[in-house]
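Structural characterization, general
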Amino acid sequence: MFIAATVAIFVAMILAIIRGIMGPTLYDRILAVNMLGTKTVLLISLLGFVMGRPEFLDIAIVYALINFISVIGVLRYSDTNEFKHTPSDKESSNKEL
């Protein structure tokens with residue numbers, strides 16, 4: 001039963017990595033990274049349960065907090081114009097001169 005759950009989590013993690021690489025927008029990539037972090041928390045919790053090590057749950061909770069704070073930070077930073085700035089044709093042609 002636990003092997004099936006572990007395999008399902010790994011498949012979901014692989015799909016999240018694929019979405020993170022192929023995501024058409026920045027927000028799809030951020031969501032994929034958040035999903036990968038959530039699946040990692042599930043995997044750490046599951047492994048802690050299977051191996052009989054309850055301290056893994058503490059590690060999983062800390063990882064979940066770090067994942068949450070980092071995603072909020074990236075989303076706050078992505079709101080700025082500095083992050084969304086793309087070089088225009090005029091700027092690239094001026095640099096060539």
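Structure report, in brief. (Residues numbered from 1 in each chain as written. Predicted model: local features only at pLDDT ≥ 70, side-chain atom pairs only at ≥ 80, totals over all residues. Heavy atoms only, no water.)

Okay, the overall build of the protein chain next. Across its full length, the protein chain carries 5 helices and 0 strands. Moving toward the C terminus, one meets the helices and strands of the protein chain in the order α-α-α-α-α. Residues counted as buried form 20% of the 97 residues belonging to the protein chain. In the protein chain, once contacts between residues fewer than 6 apart in sequence are set aside, the share between residues at least 24 apart is 54%. (Helix = DSSP H or I, 4+ residues; strand = E, 2+ residues; numbered from the N terminus. Buried < 20%, exposed > 50% of the residue type's maximum accessible area, 1.4 Å probe, protein only. Contact = heavy atoms within 4.5 Å.)

Moving on, we come to the pattern of salt bridges. As enumerated under the stated definition, the model contains 1 salt bridge in all. The closest approach of N and O atoms between Glu55 and Arg53, which form a salt bridge, is 2.8 Å. Judged by its relative accessible area of 35%, Glu55 is partly exposed. Its relative accessible area of 38% is what places Arg53 among the partly exposed residues. (Salt bridge = Lys/Arg side-chain N within 4 Å of Asp/Glu carboxyl O.)

Here we come to the environment of Thr38. Along the chain, the position of Thr38 falls in helix 2 (residues 26–51). Judged by its relative accessible area of 37%, Thr38 is partly exposed. When the C-alpha positions of Thr38 and Ala64 are compared, they lie 6.8 Å apart, and in sequence the two are 26 residues distant.

This brings us to the packing of helix 2 against helix 3 (residues 55–78). Contact geometry for helix 2 and helix 3: axes closest at 9 Å, N-to-C directions at 175 degrees. For the element pair helix 2 / helix 3, the angle class is roughly antiparallel. In terms of residue class, the contact of helix 2 with helix 3 is built from 16 nonpolar, 8 polar and no charged. (Axes fitted to C-alpha atoms, helices over the stretch in contact; angles between N-to-C directions. Parallel < 35°, antiparallel > 145°, perpendicular 65-115°, else oblique. Nonpolar A, V, L, I, M, F, W, Y, C, P; charged D, E, K, R; others polar.)

The terminal C-alpha atoms of helix 2 lie 37 Å apart, and with 26 residues this matches the ideal 38 Å at 1.5 Å per residue to within 8%. Inspection of helix 2 places Ile30, Ala32, Gly37, Thr40, Val41, Leu43, Leu46 and Gly48 among the buried residues, and these make up the whole buried set. The elements touched by buried residues of helix 2 are helix 1 (2–22) and helix 3. Positive phi appears at Gly52, one or two residues downstream of helix 2, with a value of about 70 degrees. (Expected span 1.5 Å × (residues − 1).)

So, on to the side chain of Asn67. Of note, Asn67 is situated in helix 3. Contacts of Asn67, omitting those with residues within four sequence positions, involve Val33, Asn34, Gly37 and Thr38.

Taken as a whole and assessed by the stated rule, the structure comprises 1 aromatic pair. Pairing Phe2 with Phe49 gives two aromatic rings, centres 5.3 Å apart and planes at 55 degrees, and the pair type is tilted. Taken together, the positions of Phe2 in helix 1 and Phe49 in helix 2 put the pair 47 residues apart, joining distant regions of the chain. Judged by its relative accessible area of 58%, Phe49 falls in the exposed class. (Phe/Tyr/Trp six-rings, centres within 6.5 Å; stacked < 30°, edge-to-face > 60°.)

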